[in-house]
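An overview of the molecular structure
The lines below spell out each chain.
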Amino acid sequence: MTEDYLADHLDPAVAQAFDEALARLSQAGARIIRFDFPELGWIADMDAQGGLAAAEAWHEHGERLESEDGAYYDPRVVRHLRQGAGQSAVRYLELLERRRTLQAVAAHRLSMADAWLMPTVAILPPRLAELDDDEDYGRLNRLAQRNSAVANLLDGCALSLPLTAQIGLSVCGLHGRDTHTLKIAAGIERVLEC
């Protein structure tokens, strides 16, 4: 894994489009500061065990999954949700504490930034045949959701601007910065002519 969790395993086309967008913004006068955020690496470990989302989703869907309605759920989704069934309350509370710590780190690290820019999705849309194998599906699904999940975990806000028909640029802000983030995104949109 690289030091930057959000740049790990980027498709080359996504990385190129992202770098080109940052270069255009820089040429237009934006001050771009690249930084590592190695603390985000624990998210992969958390998600491998189900994480907060699985525990909360099981709480909402578990009863239906155990009933006849469970047959209407996608089996791959059910496997993920069942990870939440096995989590203890202690584990859930530990994850919440880690989340609060990560939010504090993010607030400090991003305190001087107007926005946090990242590729919206790390990969190009996969072909349906690439999703036949459960292991490949899981890997690609994690990469497809990874970057947007970070903003959610940090209780932030984000929107995606199109760089190409398949690649987006996420403009992210921390909790309570929705209006400011929208203003910054509007400025970026004008520069990039999205």
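Above this text you will find the structure in question.
Here is a short report on the structure shown in this document. (Residues numbered from 1 in each chain as written. Predicted model: local features only at pLDDT ≥ 70, side-chain atom pairs only at ≥ 80, totals over all residues. Heavy atoms only, no water.)

1. Structural notes on the nonpolar core
Among the nonpolar cores identified, the biggest contains 20 residues, and Leu40, Ile43, Leu102, Trp116 and Val150 are the most heavily contacted of them. Setting aside anything within four residues of it in sequence, one finds isoleucine 43 in contact with Tyr5, Leu102, Val150 and Leu153. Among the nonpolar cores identified, the runner-up in size contains twelve residues, and Phe18, Ala21, Leu25 and Val171 belong to it. (Core = buried A, V, L, I, M, F, W, Y, C linked by side-chain atoms within 4.5 Å. Buried < 20%, exposed > 50% of the residue type's maximum accessible area, 1.4 Å probe, protein only. Contact = heavy atoms within 4.5 Å.)

2. Description of the pairing of strand E1 (residues 116-119)
Across the two faces of E1 the burial is the same, with Trp116 and Met118 and Leu117 and Pro119 all buried. The sheet contact formed by E1 and strand E3 (residues 168-173) spans four bridges and is antiparallel. Paired with tryptophan 116 across the strands is cysteine 172, a residue of E3. (Helix = DSSP H or I, 4+ residues; strand = E, 2+ residues; numbered from the N terminus. Pairing = 2+ DSSP bridges.)

3. Quick look at the sheet that holds E1
Spatially, E1-E3-E2 is the arrangement adopted by the three strands of the open sheet, whose pairing is antiparallel. One side of each edge strand has no neighbouring strand; the edge strands of this open sheet are E1 and strand E2 (157-162). Shown here is a sheet whose adjacent strand axes are inclined to one another by a mean of 25°, direction ignored. As judged from the six bridges shared by E2 and E3, these two strands associate in the antiparallel manner. Looking at E3, one finds that serine 160 is bridged to serine 170. The sheet strands contacting helix H1 (residues 12-27) are E1 and E3, and the helix crosses E1 at an angle near 150°. (Axes fitted to C-alpha atoms, helices over the stretch in contact; angles between N-to-C directions.)

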